[in-house]
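# Results of the structural survey
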Amino acid sequence: MSASLAALTAAQRGFFSEHGWLVVRGAVTSARVEELSRALDAVVPPSYYAHGLGGRVLELSGISRGSVALRAHARDPGVALLAANALGARRVQLLQDSALIKAPADPARVEWHQDFTYLGFLGPPRIATARLALTPCTKESGCMRALDGSHAWGLMGEVRALQSAAVDDALDLLPAELRRRAAQAEVLLELEPGDVSLHHCLTFHASGGNASPRPRKTLLARFFDSECRVAPQRLAPDAAARFPVDAAGHLAGDEFPVVYEEE
């Protein structure tokens, strides 16, 4: 476990429950951030994106398969503890890990969406994403934006699990009343290296382009409450084999390891 990671306080848990997001400052030590940064650079050399990414954000799912250090981070019980505390779960499993890279001076953005639109083959919606900043994530560099409290609005639109190659703007799906609330609810989740942000799978979030001269790099780990079950009707027939379940319909197998369990 990373030395500086600890359980969320009651106040932090309450904040996440009310707002649908939380920032934990200095969650990961600077030495660990440097180690993970070197590991990511070894898998994806900065020369690959130094001159831009063609107007797109580089998302590398399963990045931990290419690095011992990145694998250890995705399966760090301390990181999973934060997600478990936020969800109020006694046991959480890893659903997915990835790296997000925005090239310097690149306008690529991520549209407003809810993660559950793409992860809704699991239910109930008890999934949280832990995002570790490896570089400054500021307004200038295109940090994440969230609509405060939007996790309480429910899912907007249909579940499209594993059916979309890009994230579509979902704000138009909001009814008029929620659209008015959304206009006043936007918050910037600015992070320094070592900070971790958490957001609920129903929280609307987006990010702008990177106007800074440096790349913006984050590591993501998505954890789900082990009580969640797979809804097979929400998976394409050819995708079901990738999500093995036990007799009760819970995700099982080495690809979805238990990372934290309350003693």
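Parameters at a glance
- Residues numbered from 1 in each chain as written.
- Predicted model: local features only at pLDDT ≥ 70, side-chain atom pairs only at ≥ 80, totals over all residues.
- Heavy atoms only, no water.
- Helix = DSSP H or I, 4+ residues; strand = E, 2+ residues; numbered from the N terminus.
- Rg over C-alpha atoms; globule rule 2.2 N^0.38 Å.
- Buried < 20%, exposed > 50% of the residue type's maximum accessible area, 1.4 Å probe, protein only.
- Contact = heavy atoms within 4.5 Å.
- Areas by Shrake-Rupley, 256 points an atom, 1.4 Å probe, with all protein chains shown as cover.
- Pairing = 2+ DSSP bridges.
- Axes fitted to C-alpha atoms, helices over the stretch in contact; angles between N-to-C directions.
- Phe/Tyr/Trp six-rings, centres within 6.5 Å; stacked < 30°, edge-to-face > 60°.

### With respect to the overall build of the protein
A tally of regular secondary structure across the protein gives six helices and 13 strands. Taken over the C-alpha trace, the protein has a radius of gyration of 18 Å; the compact-globule value for 263 residues is 18 Å, and the two agree within 12%. By its C-alpha atoms, the protein is 50 × 45 × 40 Å across when sized along the principal axes. Counting over 263 residues, the protein shows a buried share of 53%. Across the protein, contacts joining residues at least 24 apart in sequence account for 86% of those joining residues at least 6 apart. Accessible surface for the protein amounts to roughly 11900 Å². Of this, 52% is attributable to carbon and sulfur atoms.

### Digging into the sheet that holds strand β8 (residues 186-189)
Two orientations exist for strands paired in a sheet by backbone hydrogen bonds: parallel and antiparallel. Judged by pairing direction, the sheet is antiparallel, and its four strands sit side by side in the order β4-β10-β7-β8 without closing on themselves. Where the open sheet ends on each side, the last strands, each with one partner, are β4 (110-113) and β8. On average, adjacent strands in this sheet sit at an angle of 25° to one another, irrespective of strand direction. Pairing geometry for strand β7 (residues 144-147) and strand β10 (residues 205-207), over three bridges, is antiparallel. Residue pairing across strands places M144 opposite S207, the latter belonging to β10. Where helix α6 (residues 176-185) meets the sheet, it contacts β7 and β8, and its direction lies at approximately 40° from that of β8.

### Description of unusual backbone geometry
A cis geometry characterises the amide bond from G123 onward to P124, with omega recorded as 0°. Inspection of the secondary structure assignment puts P124 in the loop between β5 (122-123) and β6 (127-133). If you check the backbone angles, A105 has positive phi at about 50° while not being a glycine. With respect to the helices and strands, A105 occurs in the loop between β3 (91-102) and β4.

### What to know about the pairing of β3
With 10 of 12 residues buried, β3 lies mostly within the body of the structure. As judged from the four bridges shared by strand β2 (residues 58-61) and β3, these two strands associate in the antiparallel manner. Looking at the pairing, L60 lines up with A99 of β3. Direction of pairing for β3 relative to strand β13 (residues 258-261): antiparallel, over a ladder of three bridges. Bridging from a neighbouring strand, V92 pairs with Y260 of β13.

### Concerning the packing of aromatic side chains
All chains considered together, the criterion is met by four aromatic pairs. Between F15 and W21, the ring centres sit 5.0 Å apart and the planes meet at 85°, which makes this aromatic pair edge-to-face. Its relative accessible area of 27% is what places F15 among the partly exposed residues. Looking at W21, the relative accessible area reads 13%, which means it is buried. On the basis of an interplanar angle of 45° and a centroid distance of 6.3 Å, the ring pair of W153 and F204 is categorised as tilted. Within this pair, whereas W153 is found in the loop between β7 and α6, its partner F204 is found in the loop between β9 (196-200) and β10, the two being separated by 51 residues in sequence. For F204, a relative accessible area of 0% translates into the label buried.

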